Number of protein chains: 2
Amino acid sequence: MPADRGQAAGPPTISEVAAEAGVGRATAARTLGGYGYVSPELRERVLAAAEKLGYRANALARSMSTGVSHTLGVIVADIGNPFFAGVVRGISDTSRARGFDTIVLSTYEDLDEEVAATNVLIDKRVDGVIIASAAVDRGEVAHIRAAMDRGIPVVLVDRAVASLDLDAVVIDNREAAREAVEMLIAAGHRRVGFVWGPPASEAPATRRGLLAAASRNLWTDGERLRGYLDALDDARIPFDPELVMVGRKTEERATQEVARMLALPDRITAVFCTETDAVTGALRALRAAGLSYPRDIALIGFDDSAWAAVMEPPLTMIEQPVHRLGAKAAEVLLDTLEGAEPRRERHTLRSRLIVRASVAPPPEA
Amino acid sequence: MPADRGQAAGPPTISEVAAEAGVGRATAARTLGGYGYVSPELRERVLAAAEKLGYRANALARSMSTGVSHTLGVIVADIGNPFFAGVVRGISDTSRARGFDTIVLSTYEDLDEEVAATNVLIDKRVDGVIIASAAVDRGEVAHIRAAMDRGIPVVLVDRAVASLDLDAVVIDNREAAREAVEMLIAAGHRRVGFVWGPPASEAPATRRGLLAAASRNLWTDGERLRGYLDALDDARIPFDPELVMVGRKTEERATQEVARMLALPDRITAVFCTETDAVTGALRALRAAGLSYPRDIALIGFDDSAWAAVMEPPLTMIEQPVHRLGAKAAEVLLDTLEGAEPRRERHTLRSRLIVRASVAPPPEA
């Protein structure tokens, strides 16, 4: 409990702390602001006085004098996605260890929300920003440039943005998808569904059209689609637009689309899911069709989780290094804040295909 | 793109916006600060000028003049828990609709982190705070009182705190747990495991000791334990300390503890899990023991999810109104900010037992 300060109104000031500690105001300010040199003995006295009076630095005043508020801002697409929750945990653990707090805003994949969130972080005077941006083209990155123009360093996480020359911490989504689809093909599958693809109103009829649609898509989604096509190409399996889900990305639509692919005359015998909701949506479709995996259909998905491991049979899944993605992004940002020259490079971490029991050869025709 | 402002350095000022719009500075300030009356026509001119010049209100300057920063701060135990992710979404949707941004800090169930998070929100001048606090005793709530003392209204969500007379938006955890355990007992079970209980080093031997331990526990956990005991009492089933997991709450320990309860001479035939990680931990133990639900053991858990519904067989789960919990907490807080008198009451929302297929009668002895 703060000591009684008699008639003093309002929170205690630096001057009051200085008087209580018996030091000069500048010494108290340096100690409480965390800048400049203060001898250990005086430092201790100031901190004891601050504690006694219940002084707590006003972060804003501190940031005005030192230029550092010791807060990182994080903008993610959807904090409800366990992937982003893990990334945020990685950012938070690393920042905390280096003396920084983390505040998080979620945009729920809406670019307007992302712009608003960036403005909040600028207004709240964060020292740096880590963002998983929904921006795709050059015309959608003005808010990120605005932060940079105000001297706030920005690091991208999970999603690279082609038009921004910034440090980006990502996984190789294309290679992760290629490896998974290759495993399905190696097991004998030639009819592999892809859930989910670009947000087009209908599936482009050509490979080229599909890639064009993918280039207007989130970077991660586009890369995963490219990995799927790479694996088909390597095996000389022609691309079939009927096997790619396009449009709104919801669990319900994944169920409908997998049901549709299962009802084709030449039905899918395997499905590759690029998100957790696509996996649970696909599993609902299998159940409704009375089909079991891996006997009737093989399945691989993003992202691994505790649930995927306890499914019966357990699911073969791609595990992203979620904590490490966040930790690395925080390290790059904090290094920049501490004076390192931004390298503006892509830091690519490894994902891992966790092989369990959801892949078997296709049923005999 | 902002218009060229010639030699003007730094971001545009309110005066520049006023000049561009051809209005007085006070009119521009009222419009951009969101306070006082401005005619629709002048308002439009100011906003057009602001957009043209690339003006963005400095939230801090705005909060100094209006006292409102239009930001809510949210502190949750673990943003990685889908329950809290849903609550945050509810807060965010409601706040956004009423013109407020939301910044989130996660404490990962560490009270020191919670204190630090509260200080960050005070320093960032949020208008109000919604918190799922890990505080249990009177001695642990100083940080919440500090926020209130600075005129920042606080609403509790998910967890009531006995020593704080504040609005709290919660579910009736005791009743939810009682209903679930009653369902297990009605199916014929008398050996029902409880995963997980209070953080004691060993299970208290008496019902009274257990309740004492529970009162030093998180409010939600304590209430769920009471509901379990209520259901046993109603059915005149004596409490057996061997059937209650105590100690650290991790998936791994849930697996170990359920394995232990399955190996008892008079083994459990049902298990009630109070968290998602307890459910997946229990399922791992069943698999390792070569047991299947509901044939060999019945299972009910908190919280329902997309995964629980696609398990084979699907799990009977308690569904909390996660979005509504957050939305209601935001409504109560925003009403207070807009001048309503805080009612300082407990707002109890309904949970729902989603009956699927993980409960059957116990196997014949």
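As a convention, each chain's residues are numbered from 1 in the sequence order in which they are written. Chain A is the first chain written and ligand 1 is the first ligand written, with later ones labelled in order. Confidence filtering applies because this is a predicted model: local features only for residues at pLDDT of at least 70, side-chain atom pairs given and counted only at 80 or more, and all residues used for totals across whole chains, interfaces and linings. Derived side-chain values reflect all non-hydrogen atoms in the structure, with water molecules and hydrogen atoms excluded from consideration.

Chain A is annotated in an unreviewed UniProt entry as Transcriptional regulator protein of Streptosporangium roseum.

The next subject is the overall build of chain A. Counting secondary structure elements, chain A contains 14 helices and 11 strands. Atoms counted for the radius of gyration: C-alpha only. Globule rule: 2.2 Å times the number of residues to the power 0.38. Against the 2.2 N^0.38 benchmark of 21 Å for 365 residues, chain A shows a C-alpha radius of gyration of 26 Å, more extended than a compact globule. Dimensions of chain A, computed from the C-alpha atoms along their principal axes, are close to 90 × 40 × 30 Å. Remark: exposure states derive from per-residue accessible area (1.4 Å probe, protein chains only) relative to the maximum for the residue type, with buried under 20%, exposed over 50%, and partly exposed in between. Residues classed as buried in chain A amount to 56% of the 365 residues present. With residues, only the protein chains shown are counted as cover, and all accessible areas are computed by Shrake-Rupley using a 1.4 Å probe. For chain A, the accessible area works out to roughly 15,400 Å², and carbon and sulfur atoms hold 49% of it. The charge count treats Lys and Arg as positive and Asp and Glu as negative. His and the chain ends do not count. By convention, the charge on Lys lies at NZ, on Arg at CZ, on Asp at CG and on Glu at CD. With 43 positive and 51 negative side-chain charges, chain A shows a spacing of 2 Å between the two charge centroids. Per the convention used, a helix needs a DSSP run of H or I reaching at least four residues, while a strand needs a run of E reaching at least two, with both numbered from the N terminus.

Residue and element names in this part refer to chain B. Positionally, Ser 351 belongs in the loop between strand S10 (346-349) and strand S11 (352-354). Distance in space between the C-alpha atoms of Ser 351 and Glu 319 is 5.7 Å, their sequence separation being 32 residues. When checking whether two residues touch, look at their non-hydrogen atoms; a contact exists if any pair is within 4.5 Å. If we ignore the near neighbours within four places in the chain, the residues touching Ser 351 are Ile 171, Ala 176, Ile 318, Glu 319, Gln 320 and Pro 321.

In this assembly, 51 residues from chain B lie in contact with 50 residues from chain A. Across the interface of chain B and chain A, roughly 4,500 Å² is buried in total on both sides, 56% from carbon and sulfur atoms. Put simply, a salt bridge is a Lys or Arg side-chain nitrogen that is within 4 Å of an Asp or Glu carboxyl oxygen. Here chain B and chain A share four salt bridges between them. Where Glu312(B) meets Arg287(A), a salt bridge forms, and the shortest distance between an N and an O atom there is 3.0 Å. Counting of polar contacts relies on pairs of N or O atoms within 3.5 Å, with two restrictions inside protein: one atom must be capable of donating a hydrogen and the other of accepting it, and residues adjacent in sequence are counted only when both atoms are side-chain atoms. On the surface where chain B and chain A come into contact, there are 14 residue pairs in polar contact (both at pLDDT 80 or more). The quantity reported as buried area is the accessible area (1.4 Å probe) lost by two parts once they are put together, taken as the sum for both.

Another aspect to go through is the sheet that holds strand S9 (residues 316-319) of chain A. Residues and elements named next belong to chain A. In this description, strands pair whenever DSSP reports at least two bridges between them. Here we have five strands laid out as an open sheet, ordered S6-S7-S8-S9-S11, and mixed in their pairing. The sheet is open, and its two edges are formed by strand S6 (192-195) and strand S11 (352-354), each paired on a single side. Between one strand axis and the next, the sheet turns by 15° as a mean value, whatever way the strands run. Where strand S8 (residues 298-302) and S9 come together, three bridges link them in parallel fashion. Bridge pairing in S9 links Phe 302 to Ile 318. Where helix H8 (residues 173-186) meets the sheet, it contacts S6, strand S7 (270-273), S8, S9 and S11, and its direction lies at approximately 170° from that of S8. An axis is simply a line fitted to the C-alpha atoms; with a helix, the fit covers only the stretch in contact. Between two such axes, the angle follows the N-to-C directions and lies from 0 to 180 degrees. Contacts from helix H11 (residues 251-262) reach S6 and S7 within the one sheet, and its direction differs from that of S6 by about 165°.

Let's shift gears to the relation of the copies chain B and chain A. C-alpha atoms of residues with pLDDT of at least 70 in both copies form the basis for the least-squares superposition of the copies. Overlay of chain B on chain A (RMSD 0.3 Å): rotation 180°, translation along the axis 0.2 Å. As the rotation angle and translation indicate, the two copies are arranged about a two-fold axis. Within chain B, the C-alpha atom positioned nearest to the axis of rotation is that of Val104(B), 2.5 Å from it. In this assembly the copies share their binding face: 98% of the residues contributing to the interface of chain B also contribute to that of chain A.

All names here are of chain A. Take Ile 237: it is sitting in the loop between helix H10 (219-234) and H11. Note: C-alpha distance between Ile 237 and Arg 191 (46 residues apart in sequence) is 8.8 Å. In contact with Ile 237, not counting residues within four places along its chain, are Ile 185, His 189, Arg 190 and Leu 232.

The next subject is the domain arrangement of chain A. Each assigned domain of chain A is listed with its residue range as follows: domain 1 (14-66), domain 2 (71-170 + 322-349) and domain 3 (173-320). Taking only C-alpha atoms into account, the centre of domain 1 of chain A sits 32 Å from that of domain 2 of chain A. Each domain's limits were defined by an automated method or a database of domain assignments.

Attention now moves to the side chain of Arg178(A). Residues and elements named next belong to chain A. Its place among the elements puts Arg 178 in helix H8. Look at Arg 178 and you get buried, because its relative accessible area is 17%. At 2.6 Å, the side chain of Arg 178 forms a polar contact with the side chain of Glu 175. Those residues within four positions of Arg 178 in sequence are excluded, and the remaining contacts are Gly 227, Asp 230, Ala 231 and Asp 234.

Turning next to the sheet that holds S11(B). Residue and element names in this part refer to chain B. The strand order S6-S7-S8-S9-S11 describes an open sheet built from five strands, whose pairing is mixed. Each having just a single partner strand, strand S6 (192-195) and S11 make up the two edges of the open sheet. The average undirected angle you get between the axes of adjacent strands in this sheet is 15°. Strands in contact with helix H11 (residues 251-262) are S6 and strand S7 (270-273); relative to S6, the strand with the most contacts, it is inclined by about 165°.

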